[in-house]
2 protein chains.
Amino acid sequence: MIARTGGVIQSLFIAGDWGTTRLRLALCDGAAILDRKDGPGIGALTVSAEATFLSLIMDWRRIHGDLPAYLCGMVGSRNGWHEAPYAVCPADPRSLRGSALRFAVDGLDVAIVPGLTCSNPLGAPDVMRGEESQILGAILLHPALSRGKHLLALPGTHTKWVALEDGSVQRFMTTPTGEFFALLRAHSQLTKAAPDTQPATPAGFVQGMARGRETRGRAGLLQTLFETRTRQLIDGMKAEDAVGFLSGLLIGGDVDGALDCFGKPRLVHLIGDPALAALYAEALAGAGVANEKLDGGDCAFAGLRAIFER
Amino acid sequence: MIARTGGVIQSLFIAGDWGTTRLRLALCDGAAILDRKDGPGIGALTVSAEATFLSLIMDWRRIHGDLPAYLCGMVGSRNGWHEAPYAVCPADPRSLRGSALRFAVDGLDVAIVPGLTCSNPLGAPDVMRGEESQILGAILLHPALSRGKHLLALPGTHTKWVALEDGSVQRFMTTPTGEFFALLRAHSQLTKAAPDTQPATPAGFVQGMARGRETRGRAGLLQTLFETRTRQLIDGMKAEDAVGFLSGLLIGGDVDGALDCFGKPRLVHLIGDPALAALYAEALAGAGVANEKLDGGDCAFAGLRAIFER
């Protein structure tokens, strides 16, 4: 279905992925993205969410008039713009199209997609906001995901591991792997000797991943992380490889832990930033698991478009 | 033996525990501490280590003349004042008395106690600087530690677990548990809702410790830490209890991991800050292990005094 505004049938809309650290807005015409704008995340607002949003879309409004907007992510959290309730798993992301929180702002229709909540494989409550729209988009772009069982991983600040069955999210688990890595890089002594911009070297990554696997079952992160420092002090590890070592310990531990919790599939679908997805792919390969990579941005906008077109 | 300065037999000396974050200096007369001064850690110097040291002891010099100084901790690291080499384990801390790095500064004799290095129970290199002097003091204050096997824990920013046999350090392991907790408290979303000064509540601590034990073997920190947030969002956990939950997950994981690595003794000697030692004692009790608490400051000065009196 397409939207009507003032009696004119139109396919123009605004889609926005508004997370804690970043807002990514797109002016869409059906499947085509006509323009993009970036703004501050919900955790970095200097003025209200409403003022931020209206100021960013001003140019689009001037040209195209009042367009409906579809938003996902932390914008729907308690500390966001308006709180959108969580849908409870098992939940088919396609059903979210009917349950968006809708409100009007300065004559514009805005809809916020609800997040998901579940009891994760360890029996704890878990939540997502924003990834449900990426998953919806992934299902629509890759119809094979709507049949059978699949394990998805959405690596990031808070990585999500998602068990999908016949296109419905059964359960998922959040691992704050990216946040950990960033905190340790920025503030700890572990990799202080490497410049802030030093990426994870492949050699260091492989070594960290192997070390995590070697000590698995005998020890956890608390017992192995300090090696990142001592291998530089005593073993002659290069400072740049220490960054990779840290990344390998963390991502290897994330992947192995998730495979323990969800069971080991033949294939994992990786949705997200290509550089980060490549590291997860390597850790999966080390565990004998294949992967297929989907672009996170494509999936998010496909999901929001589907909500617009419901 | 007592020191001679200018032909006068004297028992006055300066003892200093100079770590990354803090310098604690004491003017000692044998076992008596006459005065104390605190200064910046090696990682927080605004002027050189030498200038910092000389300015802090100026008053003591004016009254008592040139006194010998005995220092331990990161002051002896590569980025400290002068690098003191590590002694290799197994090492009897009492033997460190003969191997201090000695140099003169503005007419003062300064000695820096070497740190220790070992291959830890996981086969990785490990290091300590400063704790060896606390261990030496602990052995001297508690002669029972000089006979038989003992497991010591020195909880802190970088907790040290130490296997002692007949007064000799066989091996040890560093767990950056305190650093982790501080980083997550200061920067992550996990406990953001609680005020910065919120201590770990007993109820939250017990819950976190129990949860870590419940998931042990099935999952690690990466898989459980996010619960600190979701239990507040979904389960109604109070923000203040979330701080305790985080602490319980981390300290419980530290204790259980160490008992796995070193074997489970009847008793662990805890050396350090009383409030932190109490949390470790609780986690040990939960694993069926008794504890005896020794004051960290007393042990450090007793160790440095022994080096002065060698």
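Nothing here was measured: the structure is a model prediction, and the numbers come from that model.

### Here's the deal with the overall build of chain A
Regarding its fold elements, chain A presents 10 helices and 16 strands. Here the C-alpha radius of gyration of chain A, 21 Å, is about what a compact globule of 310 residues would show, namely 19 Å. For chain A, the spread of C-alpha atoms along the three principal axes comes to 70 × 40 × 30 Å. Split into buried and exposed, the 310 residues of chain A put 51% on the buried side.

### Description of the sheet that holds strand S8 (residues 101-105) of chain B
Residues and elements named next belong to chain B. Spatial strand order, S5-S4-S3-S6-S9-S8: 6 strands in an open sheet with mixed pairing. Since the sheet does not close on itself, it has two edges, and those belong to strand S5 (32-40) and S8, each with one partner. In this sheet, neighbouring strand axes are inclined to one another by 20° on average, regardless of whether the strands run parallel or antiparallel. Bridge count between strand S3 (residues 12-18) and strand S4 (residues 22-29): 7 bridges; the pairing is antiparallel. Counterpart to Asp-17 in the pairing with S4 is Arg-24. Sitting on the sheet, helix H1 (residues 49-56) touches S4, S5 and S8, and the angle it makes with S5 is about 140°. The strands touched by helix H10 (residues 296-308) within the sheet are S3, S4, S5, strand S6 (69-72) and strand S9 (108-112), with S3 carrying the most contacts at an inclination of about 130°.

### Notes on the relation of the copies chain A and chain B
Laying chain A over chain B is done by rotating through 180° and shifting 0.0 Å along the axis; what remains is an RMSD of 0.0 Å. Taken together, the rotation angle and the small translation identify this as a two-fold axis. Of all interface residues in chain A, 100% are interface residues in chain B too; the two copies therefore contact each other through one and the same surface.

### A few points about the domain arrangement of chain A
All names here are of chain A. Under the domain assignment, chain A is made up of domain 1 (3-145 + 296-308) and domain 2 (175-294). Placing a centre on the C-alpha atoms of domain 1 and another on those of domain 2 gives a separation of 31 Å. Of the residues lining the interface, 7 residues belong to domain 1; the matching set on domain 2 comes to 7 residues. Elements with a minimum of two residues in the side of domain 1 that touches domain 2: helix H3 (131-141) and helix H10 (296-308).

### What about the interface of chain A and chain B?
Interfaces are often sized by the amount of accessible area the parts lose when they come together. The interface of chain A with chain B comprises 37 residues on the first partner and 37 residues on the second. Sorting the residues of the side of chain A that touches chain B by element identifies strand S11 (125-128), strand S14 (168-175), helix H4 (177-187), helix H6 (221-224), helix H7 (227-233) and helix H8 (239-262) of chain A as the ones contributing at least two each. Here the side of chain A that touches chain B takes 5 residues from H8 of chain A, the largest share from any one element. Grouping the constituent residues of the side of chain A that touches chain B by class yields 15 nonpolar, 14 polar and 8 charged.

### A word on the confidence of the model for chain A
Model confidence for chain A is summarised by a mean pLDDT of 93, while 96% of its residues fall at 70 or above. Scored below 50 in pLDDT, residues 1-8 of chain A makes 12 contacts in the model with residues more than four places away or belonging to other chains.

### Some remarks on the environment of Leu-164 of chain B
Residue and element names in this part refer to chain B. Structurally, Leu-164 is set in strand S13 (residues 159-165). The exposure class of Leu-164 is buried, given the 25 C-beta atoms found within 10 Å. Through-space distance from the C-alpha of Leu-164 to that of Ala-91 is 9.5 Å; in sequence the pair is 73 residues apart. Leu-164 has contacts with Leu-145, Lys-149, His-150, Leu-152 and Val-169, leaving out every residue within four places of it along the chain.

### Regarding the nonpolar core
The tendency in soluble globular proteins is for nonpolar side chains to be buried side by side. Grouped together as the largest cluster of nonpolar side chains are 189 residues, with contacts concentrated most on Tyr-280 of chain A together with Tyr-280 of chain B. Look past the residues within four positions of Tyr-280 of chain B in its chain and what remains in contact with it is Ala-153, Pro-155, Ile-251, Val-255 and Leu-270 of chain B.

### Thoughts on unusual backbone geometry
Residue and element names in this part refer to chain A. Cis geometry is found at the peptide bond from Cys-89 to Pro-90, where omega equals 0°. Position of Pro-90 relative to the elements: it lies in the loop between strand S7 (87-88) and strand S8 (101-105). Although it is not a glycine, Asp-106 adopts a positive phi angle of roughly 50°. Its location among the elements puts Asp-106 in the loop between S8 and strand S9 (108-112). You will see that Asp-166, though not glycine, has its phi angle at about 50°, which is positive. Of note, Asp-166 is situated in the loop between strand S13 (159-165) and S14.

Reading the values: the criteria
Residues numbered from 1 in each chain as written. Chains lettered and ligands numbered in written order. Predicted model: local features only at pLDDT ≥ 70, side-chain atom pairs only at ≥ 80, totals over all residues. Helix = DSSP H or I, 4+ residues; strand = E, 2+ residues; numbered from the N terminus. Rg over C-alpha atoms; globule rule 2.2 N^0.38 Å. Buried ≥ 20, exposed ≤ 12 C-beta atoms within 10 Å, placed from the backbone. Pairing = 2+ DSSP bridges. Axes fitted to C-alpha atoms, helices over the stretch in contact; angles between N-to-C directions. Contact = placed C-beta atoms within 7 Å. Least-squares fit on C-alpha atoms with pLDDT ≥ 70 in both. Domains from an automatic or database assignment. Nonpolar A, V, L, I, M, F, W, Y, C, P; charged D, E, K, R; others polar. pLDDT = per-residue confidence, 0-100. Core = buried A, V, L, I, M, F, W, Y, C linked by C-beta atoms within 7 Å.

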